[in-house]
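Listed below are the residues making up each chain.
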Amino acid sequence: MSSKIAMIGAGFVGAAASYAIALSGITSDLVLIDVLKEKAMGEALDIGHTLQFIKDMKIRSGDMDEISDADIIVITAGTARKPGETRLDLLKRNVGILRNSIIPEMKKHYKDSIILVVANPVDILAYFTQKDMGLPTGKVISSGTNLDTMRLVYRLSEVMGVSTKSITAYILGEHGESAFAAWSSANVAGRKLSGELKEFGVTFDDASKDQIMVDVKNGGASIIKNKGATYYGIGVSIVAICRGILFDEKVVLPVGTMMDGLYGVTDVNVSMPSVIGRRGVEKVVDIGLSDAEAALFRKSADVLKQSIKEVLEA
Ligand code: NAD
């Protein structure tokens, strides 16, 4: 079955995601689009040279008109914070790139693709993408807290000495400071992560859970400090979401979509476990947050709404 992914942005994240997509063999056509045309061309050719030993596919660079027949458009184009810049400066600049450059170009060629937003601040860029493109909920997805969740599961796997595959635990809310772990539903082989788990030699109390969250947040920060950018983890996160769409998997992943009243949250793109299939986010799953977690979810949504207001008023 043929399918096409258009990757807008061929920087660290766009290139790593493209490499991961090629290795995973999930699509037959991948096109990299960047304002730096040579960069997109170079990355496409470098990845293209792997084809002899992986599944054959088309991989190339191209222009924005390539999005018109893409099954999925992935937006990784953005800029990082510059020295001396405030959070709001960066927010305004990346929202500006999206609304003044990427969306007008997409509008010229867009037909029916699912749009996966990855560039930061991801929840806010996804919000503006959906509003400006005038698309229904579920068609615009933010990669949201899927990466944060991968980091949590990785850390829990280290702490418990058990496979990442046997752990279900989500980080939800904003992809950012106000993200929280939904501990009340976290489990290993169906066993809640609470109190002493003798087989795994750990006790989950408030202090140990807080420490795990600190480790998870420091994990991302230490990658930036040690090598300047994070891209392999998000690359595979993008593969997981795209595979869910292209193969109509109905896989549940914590990604962001526009909320419609869950826990009282409306009109903001924020992460909750969501069923992903051919139509994008097909359902948002209410995993039964505790009252304290529901309050954190609402707080996280408020943080995002405040940022959107600041951008609109700036
Ligand atoms: P990068 O600077 O290496 O790459 C960004 C690319 O976007 C550049 O090649 C640039 O030329 C391109 N670009 C800029 N404006 C463009 C436009 N109008 N059209 C097409 N291309 C354009 O940055 P990176 O490290 O690849 O990070 C990209 C984004 O991904 C950042 O916003 C970063 O914060 C974000 N990110 C998100 C997650 C997540 O979990 N959501 C994780 C890691 C990084």
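What counts as what
- Residues numbered from 1 in each chain as written.
- Predicted model: local features only at pLDDT ≥ 70, side-chain atom pairs only at ≥ 80, totals over all residues.
- Heavy atoms only, no water.
- Axes fitted to C-alpha atoms, helices over the stretch in contact; angles between N-to-C directions.
- Helix = DSSP H or I, 4+ residues; strand = E, 2+ residues; numbered from the N terminus.
- Left-handed = near helix turned anticlockwise from the far one by under 90°.
- Contact = heavy atoms within 4.5 Å.
- Nonpolar A, V, L, I, M, F, W, Y, C, P; charged D, E, K, R; others polar.
- Domains from an automatic or database assignment.
- Buried area = accessible area lost by both parts, 1.4 Å probe.
- Salt bridge = Lys/Arg side-chain N within 4 Å of Asp/Glu carboxyl O.
- Polar contact = N/O pair within 3.5 Å; in protein donor to acceptor, adjacent residues only side chain to side chain.
- Near = heavy atom within 4 Å.
- Areas by Shrake-Rupley, 256 points an atom, 1.4 Å probe, with all protein chains shown as cover.
- Pairing = 2+ DSSP bridges.
- Buried < 20%, exposed > 50% of the residue type's maximum accessible area, 1.4 Å probe, protein only.
- Right-handed = clockwise from strand over helix to strand, strands pointing away.
- Expected span 1.5 Å × (residues − 1).

Draft legend 1. Geometry of the packing of helix H3 (residues 87–109) against helix H4 (residues 122–133). Direction vectors running N to C along H3 and H4 enclose 35°, while the axes themselves pass 10 Å from each other. The interaxial crossing formed by H3 with H4 has right-handed handedness. On H4, the residues that touch Leu91, Asn94, Val95, Leu98, Arg99, Ile103, Met106 and Lys107 of H3 are Ile124, Leu125, Phe128, Thr129, Asp132 and Met133. Of the residues that constitute the contact of H3 with H4, the class distribution is nine nonpolar, two polar and three charged.

Draft legend 2. A look at the domain arrangement of the protein. According to the domain assignment, the protein consists of domain 1 (4–142) and domain 2 (146–313). Here the C-alpha centre of domain 2 lies 22 Å away from the C-alpha centre of domain 1. Of the residues lining the interface, 36 residues belong to domain 1; the matching set on domain 2 comes to 37 residues. Interface area lost by domain 1 to domain 2 is led by Ile26, Asp123 and Tyr127, which between them contribute 21%. Summed over the shared surface of domain 1 and domain 2, the result is two salt bridges. Residue arginine 278 pairs with aspartate 71 through a salt bridge whose shortest N-O separation is 2.6 Å. Across the contact surface, domain 1 and domain 2 share five residue pairs in polar contact (both at pLDDT 80 or more). Elements represented by at least two residues in the side of domain 1 that touches domain 2 include exactly helix H1 (12–24), strand E4 (72–75), H3, strand E5 (114–117), H4 and strand E6 (140–142).

Draft legend 3. Inspection of the site of the ligand at higher detail. Taken together, the neighbourhood of the ligand is formed by 21 residues, with Val13, Asp34, Ser101, Val118 and Asn120 sitting nearest. Here a nitrogen atom of the ligand and a backbone polar atom of valine 118 are 2.9 Å apart. Asparagine 120 is positioned with one of its backbone polar atoms (N or O) 2.9 Å from an oxygen atom of the ligand. Protein burial of the ligand: of its 860 Å² of free accessible surface, 83% is covered by the chains. The greatest single-element share of the shell around the ligand, amounting to three residues, is contributed by H3. Taken together, the residues of the shell around the ligand break down into 12 nonpolar, eight polar and one charged. Shared between two domains, the shell around the ligand holds at least three residues of each, these being domain 1 (4–142) and domain 2 (146–313).

Draft legend 4. Molecular detail of the sheet that holds strand E7 (residues 167–168). Read from one edge to the other, the open sheet built from three strands follows the order E7-E10-E11, with strand pairing classed as antiparallel. Taken across any chain shown, the strands that pair with only one partner, and hence form the sheet edges, are E7 and strand E11 (191–192).

Draft legend 5. Quick peek at the side chain of aspartate 71. Looking at the secondary structure, you find aspartate 71 in the loop between strand E3 (58–61) and E4. Reaching out from aspartate 71, the side chain makes a polar contact with the side chain of arginine 278 at a distance of 2.6 Å. Here aspartate 71 is in contact with Ser3, Lys4, Ser113, Ile114, Leu246 and Arg278, once residues within four sequence places are set aside.

Draft legend 6. Fine view of the pairing of E4. Of the two faces of E4, the one lined by Ile72 and Val74 and the one lined by Ile73 and Ile75 are each fully buried. Pairing geometry for strand E1 (residues 4–8) and E4, over four bridges, is parallel. From the neighbouring strand, isoleucine 8 faces E4, where its bridge partner is isoleucine 75. Where E4 meets E5, four bridges bridge the pair, whose relative direction is parallel. Paired with isoleucine 72 across the bridge in E5 is isoleucine 114. Running through H3, the crossover from E4 to the neighbouring parallel element E5 is right-handed.

Draft legend 7. Fine view of unusual backbone geometry. Cis geometry marks the peptide bond from asparagine 120 to proline 121; its omega dihedral reads -5°. Tracing the backbone through its elements, the reader meets proline 121 in the loop between E5 and H4. One non-glycine residue with positive phi stands out, namely aspartate 248, at about 50°. As for its placement among the helices and strands, aspartate 248 is situated in the loop between helix H7 (232–246) and strand E14 (251–260).

Draft legend 8. Examining H7 more closely. The first and last C-alpha atoms of H7 sit 21 Å apart over 15 residues, in line with the 21 Å expected at 1.5 Å per residue. Taken together, the buried positions of H7 are occupied by Ile234, Gly235, Ser237, Ile238, Val239, Ile241, Cys242, Gly244, Ile245 and Leu246. Positive phi appears at aspartate 248, one or two residues downstream of H7, with a value of about 50°.

Draft legend 9. The pattern of salt bridges, seen in detail. One pass over the structure, following the stated rule, counts 19 salt bridges. Across the pair lysine 4 and aspartate 69 runs a salt bridge whose closest N-O atoms are separated by 2.6 Å. Here the residue lysine 4 occupies a position in strand E1, and aspartate 69 occupies one in the loop between E3 and E4, the gap between them amounting to 65 residues. Judged by relative accessible area, lysine 4 falls into the buried class, the value being 6%. Among the ionic pairs, aspartate 267 bridges to lysine 131, the shortest N-O distance being 2.8 Å. With aspartate 267 in strand E15 (residues 266–277) and lysine 131 in helix H4, this residue pair connects regions lying 136 residues apart in the sequence. Each of Lys4, Asp29, Lys58, Arg60, Glu66 and Asp69 takes part in salt bridges that share partners, so that together they form one network.

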